[in-house]
Amino acid sequence: MCCAVSLVTSHHPPYFFRAVDSPTHLLVPPLSSSLLEKLGRTLPIKGRHRKTVIVHATSNVRRNPNIAKLQAGYLFPEINRIKMKHLEENPDAKIISLGIGDTTEPIPQPITKAMAAAAENLGTLDGYARYGGYGAEQGQTLLREKLAERFYADVNIQASDIFVSDGSKCDISRLQMMFGSNRRVAVQDPSYPAYVDSSVMIGNTEMYDHASKQYGKIVYLACSSENDFFPNLSLAKDAELIFFCSPNNPTGAAATRDQLIELVRHAKETGSIIIYDAAYAIYISNPNCPKTIFEIPGADECCIETCSFSKYAGFTGLRLGWTVVPDKLKFADGSLVKNDWNRLMCTSFNGASNIAQAGGMACLSDEGMNAMSELVSFYKENAAILKNTFEEMGYTVYGGTDAPYIWVSFDGRDSWEIFTEVLTKCDIVVTPGSGFGPAGDGFIRCSAFGHRENIIEAAHRLKESFSRS
Ligand code: PL4
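All of these numbers come straight from a predicted model, not from anything done at the bench.

*Asks:* Whenever I open this one, the overall build of the chain confuses me. Can you help?
*Replies:* Summing up its helical and strand segments, the chain has 15 helices and 18 strands in all. By the burial criterion, 49% of the 469 residues in the chain qualify as buried.

Next comes the structure, spelled out in structure tokens:
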């Protein structure tokens with residue numbers, strides 16, 4: 001191990017690291033394996049006693065204590081790691097992934113053609129002069145206008161409220177950066193894990209509690225069939241920021257107009273801000289479920305909406321999204337949230353790729369809109385196949401009609417245990433419900449992103465191994 005030897009004096013927490021030597025002047029005998037195991041770990045300190053341990057370090061820089069609070073790895077790379085390990089151990093396994101929600105079908109041709117033309121254009125003097133170089137941090141004006149026209153024509157949102165970005169996940173972290181630490185945050189439970197993990201990283205939480213499987217200070221708003229997947233908002237009366245995702249990942253539940261009216265009313269009464277994740281809005285079929293929070297009167301005074309081309313047009317790898325910060329939304333001091341978002345984006349973001357933005361423009365043409373709609377219909381047919389399969393097998397299933405995810409109940413069983421059983425018996429990767437929060441335990445999430453033949457084969461394998469009826 002090539003590093004300096006340091007003494008760590010720890011007084012739970014924070015941990016104090018002090019380098020006392022270099023590799024060339026070792027003061028200590030070789031480290032035992034048990035000590036090596038502790039390297040870089042948070043050591044439990046009993047009572048008020050200080051504990052001195054030896055660690056290898058190459059710097060005196062203290063680890064970010066907020067990142068140190070995180071448990072295990074981020075959910076999706078973990079799922080991928082387990083999948084790869086399964087493949088290593090079973091090289092002949094024909095794994096089907098219903099796990100990570102990653103699109104599988106090609107980007108429609110009118111969109112790829114527009115991007116190819118944009119790339120070619122960058123190879124010409126004139127084209128480069130017009131579209132090359134750094135672009136506006138807020139996104140190309142034409143794209144912002146087109147987004148406003150396509151998705152916000154009937155609501156009080158202007159092109160200048162829309163900030164184009166490299167995707168929703170990135171904007172979620174940047175929103176955390178804008179609001180800063182020590183915020184009281186509420187999340188739906190279960191929900192997309194980036195909300196909780198980014199809250200931990202920015203310093204909005206206390207330590208993780210192993211008994212409740214929750215981070216201290218975050219308000220977990222349980223959503224289940226018992227409350228129609230809409231939480232008891234009174235629990236969030238002290239929250240400043242509420243992450244709300246509709247259609248929800250992972251439950252697939254889309255909030256109704258009445259529920260969203262209640263959400264906006266709550267935010268206005270408590271003075272909180274809703275960060276509304278509409279990444280799957282295009283999957284909504286139910287006319288009673290709004291596709292943007294800004295359909296709700298007053299939402300422009302208390303909501304930020306983030307959205308993405310990832311699941312609309314297969315841009316998961318290409319990266320293009322947007323966040324809407326309305327003009328009317330203000331901080332407690334009366335200043336515009338939009339001004340701070342603009343300031344943050346100008347400092348921390350250099351504008352979305354110009355080729356991706358050309359693709360975004362093509363998505364919003366008539367041809368592109370039709371192509372996206374076909375793609376979404378295809379994934380929704382997959383969702384219907386999976387949903388019907390599990391129902392025929394005797395399971396209770398949610399979601400899948402307004403979202404590309406189905407949420408399958410295993411009657412309270414440990415969801416990692418089900419995940420492992422599905423992987424070992426069927427060579428199928430799903431996502432364990434508890435990865436989305438403690439209220440997700442007992443469930444698995446199946447993604448409907450897949451080639452049709454894989455979805456049909458997965459349905460067949462699941463029926464063979466897990467049928468109840
Ligand atoms: C795996 C509610 C997927 N590595 O692509 P983006 O950044 O525009 O959107 C990410 C996103 C935002 N909001 C919600 C989402 O569900 C997602 C994507 N979630 C999933 O399987 O739950 C992909 C996850 C990816 C990630 O961590 O986002």
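*Asks:* In this structure, what is going on with the packing of helix 3 (residues 75–89) against helix 14 (residues 415–426)? I would like to understand it.
*Replies:* Packed helices, taken two at a time, are described by their axes: the angle between them and the distance between them. It is the contact of helix 3 with helix 14, at a shortest axis distance of 11 Å, that shows an interaxial angle of 35°. The handedness of the crossing between helix 3 and helix 14 comes out as right-handed. Between helix 3, through Leu75, Ile79, Ile82 and His86, and helix 14, the contact on the second element is made entirely by Trp416, Phe419, Leu423 and Thr424. Considered class by class, the residues forming the contact of helix 3 with helix 14 number six nonpolar, two polar and no charged.

*Asks:* For this particular structure, what's the right way to read the site of the ligand?
*Replies:* Of all residues adjacent to the ligand, which total 20 residues, the nearest are Gly101, Tyr192, Asn249, Tyr280 and Ser310. The side chain of tyrosine 74 places a nitrogen or oxygen atom 2.8 Å from an oxygen atom of the ligand. The backbone of lysine 169 places a nitrogen or oxygen atom 2.9 Å from an oxygen atom of the ligand. Of all the elements in the fold, those that place two or more residues in the shell around the ligand are helix 7 (168–179) and helix 10 (310–313). Taken together, the residues of the shell around the ligand sort by class into nine nonpolar, six polar and five charged. Residue assignment places the shell around the ligand across two domains, with domain 2 (75–106 + 369–466) and domain 3 (109–367) each supplying three or more.

*Asks:* What is the right way to look at the sheet that holds strand 9 (residues 219–222) in this model?
*Replies:* What the seven strands build is an open sheet, ordered 5-13-12-11-10-6-9; its pairing is mixed. The open sheet has two edge strands with one neighbour each: strand 5 (162–165) and strand 9. For this sheet, the mean inter-axis angle between neighbouring strands, taken without regard to orientation, is 20°. Bridge count between strand 11 (residues 273–277) and strand 12 (residues 303–308): four bridges; the pairing is parallel. Its bridge partner lying in strand 12, aspartate 277 is registered against threonine 306. Contacts from helix 11 (residues 337–348) reach strand 5, strand 11, strand 12 and strand 13 (321–324), with the element oriented near 25° to strand 5.

*Asks:* Explain helix 12 (residues 354–363) to me, please; I cannot follow it from the model alone.
*Replies:* Side chains of residues three or four places apart in an α-helix project in the same direction, reflecting 3.6 residues per turn. Most of helix 12 sits out of view: seven of its ten residues are buried. By the burial criterion, the buried members of helix 12 are Ala356, Gln357, Ala358, Gly359, Gly360, Ala362 and Cys363. Its buried side turned inward, helix 12 meets helix 4 (109–121), helix 6 (141–151), strand 5, helix 10 and helix 13 (366–392). The backbone nitrogen of isoleucine 355 lies 3.2 Å from a side-chain oxygen of the residue at the head of helix 12, namely serine 353.

*Asks:* What's the story with the state of the cysteines in this structure? I'm lost.
*Replies:* A disulfide bridge is the covalent bond that connects two cysteines by way of their sulfur atoms. Following the criterion strictly, the structure yields zero disulfides and no others. Cysteine 303 takes part in no disulfide bond, and the closest cysteine sulfur to it belongs to cysteine 302, at a distance of 3.9 Å. Since its relative accessible area comes to 0%, cysteine 303 is described here as buried.

*Asks:* How do you make sense of the pattern of salt bridges when you look at a structure like this?
*Replies:* Evaluation of the coordinates by the stated rule reveals 20 salt bridges. For the salt bridge of arginine 183 with glutamate 240, the shortest nitrogen-to-oxygen distance reads 2.8 Å. In this pair, arginine 183 sits in the loop between helix 7 and strand 6 (185–189) while glutamate 240 sits in the loop between strand 9 and strand 10 (241–245), placing the two residues 57 residues apart along the sequence. Note that aspartate 238 and lysine 237 form a salt bridge whose closest N and O atoms lie 3.8 Å from each other. Overall, the relative accessible area of 55% leaves lysine 237 in the exposed class. One salt-bridge network, in which partners are shared between bridges, spans Arg413, Glu417, Glu421 and Lys425.

*Asks:* When you look at helix 7 in this model, what are you seeing that I'm missing?
*Replies:* Here helix 7 is twelve residues long and its end C-alpha atoms lie 16 Å apart, about the 16 Å a rise of 1.5 Å per residue gives. Every buried residue of helix 7 is listed here: Ser168, Asp171, Ile172, Arg174, Leu175, Gln176, Met178 and Phe179. Just downstream of helix 7, glycine 180 is the residue with a positive phi angle, here 80°.

*Asks:* How do you make sense of the pairing of strand 12 when you look at a structure like this?
*Replies:* Here is the key point about a regular strand: its side chains alternate between the two faces of the sheet. The buried count for strand 12 comes to six of six residues, which makes it a mostly enclosed element. Across the two faces of strand 12 the burial is the same, with Cys303, Glu305 and Cys307 and Ile304, Thr306 and Ser308 all buried. Here strand 12 pairs with strand 13 via four bridges, running antiparallel. Paired with glutamate 305 across the strands is valine 324, a residue of strand 13.

*Asks:* It is not clear to me how the sheet that holds strand 18 (residues 443–447) should be interpreted in this structure. Could you clarify?
*Replies:* Remark on secondary structure: sheet strands pair via backbone hydrogen bonds, oriented parallel or antiparallel. In spatial order, the strands read 14-15-18-17; together these four strands make up an open sheet with antiparallel pairing. Bordering the open sheet on either side are strand 14 (397–399) and strand 17 (431–432), each of which pairs with just one other strand.

*Asks:* I keep staring at the packing of aromatic side chains and nothing clicks. Help me out?
*Replies:* The geometry of an aromatic ring pair comes down to the distance between the two centres and the angle between the two planes. All chains considered together, the criterion is met by 28 aromatic pairs. With 5.9 Å between their ring centres and 90° between their planes, phenylalanine 151 and tyrosine 312 make a pair best called edge-to-face. Taken together, the residues span a long stretch of sequence, with phenylalanine 151 in helix 6 and tyrosine 312 in helix 10 at a distance of 161 residues. Taking relative accessible area as the criterion, phenylalanine 151 reaches 21% and is therefore assigned partly exposed. Of the aromatic side chains, those joined through ring pairs into one cluster are Tyr74, Phe76, Phe229, Tyr398, Trp407, Phe436 and Phe443.

*Asks:* When you look at the nonpolar core in this model, what are you seeing that I'm missing?
*Replies:* The nonpolar side chains of a soluble globular protein tend to be buried, and buried together. Counting residues in hydrophobic clusters, the biggest one holds 112 residues, and the most contacted among them are Leu98, Ile293 and Phe390. Residue contributions to this core reach at least three from each of two domains, namely domain 2 (75–106 + 369–466) and domain 3 (109–367). Ranked by size, the runner-up nonpolar core spans eight residues in total, among them Ala279, Tyr379, Tyr405 and Phe449.

*Asks:* Teacher, can you tell me more about the environment of alanine 148 here?
*Replies:* With respect to the helices and strands, the residue alanine 148 is situated in helix 6. Distance in space between the C-alpha atoms of alanine 148 and aspartate 161 is 8.8 Å, their sequence separation being 13 residues. In this view, alanine 148 contacts Ala153, Gln158, Ala159 and Ile162; residues no more than four positions away in its chain are not counted.

The rules behind the values
- Residues numbered from 1 in each chain as written.
- Predicted model: local features only at pLDDT ≥ 70, side-chain atom pairs only at ≥ 80, totals over all residues.
- Heavy atoms only, no water.
- Helix = DSSP H or I, 4+ residues; strand = E, 2+ residues; numbered from the N terminus.
- Buried < 20%, exposed > 50% of the residue type's maximum accessible area, 1.4 Å probe, protein only.
- Axes fitted to C-alpha atoms, helices over the stretch in contact; angles between N-to-C directions.
- Left-handed = near helix turned anticlockwise from the far one by under 90°.
- Contact = heavy atoms within 4.5 Å.
- Nonpolar A, V, L, I, M, F, W, Y, C, P; charged D, E, K, R; others polar.
- Near = heavy atom within 4 Å.
- Polar contact = N/O pair within 3.5 Å; in protein donor to acceptor, adjacent residues only side chain to side chain.
- Domains from an automatic or database assignment.
- Pairing = 2+ DSSP bridges.
- Disulfide = S-S within 2.5 Å.
- Salt bridge = Lys/Arg side-chain N within 4 Å of Asp/Glu carboxyl O.
- Expected span 1.5 Å × (residues − 1).
- Phe/Tyr/Trp six-rings, centres within 6.5 Å; stacked < 30°, edge-to-face > 60°.
- Core = buried A, V, L, I, M, F, W, Y, C linked by side-chain atoms within 4.5 Å.

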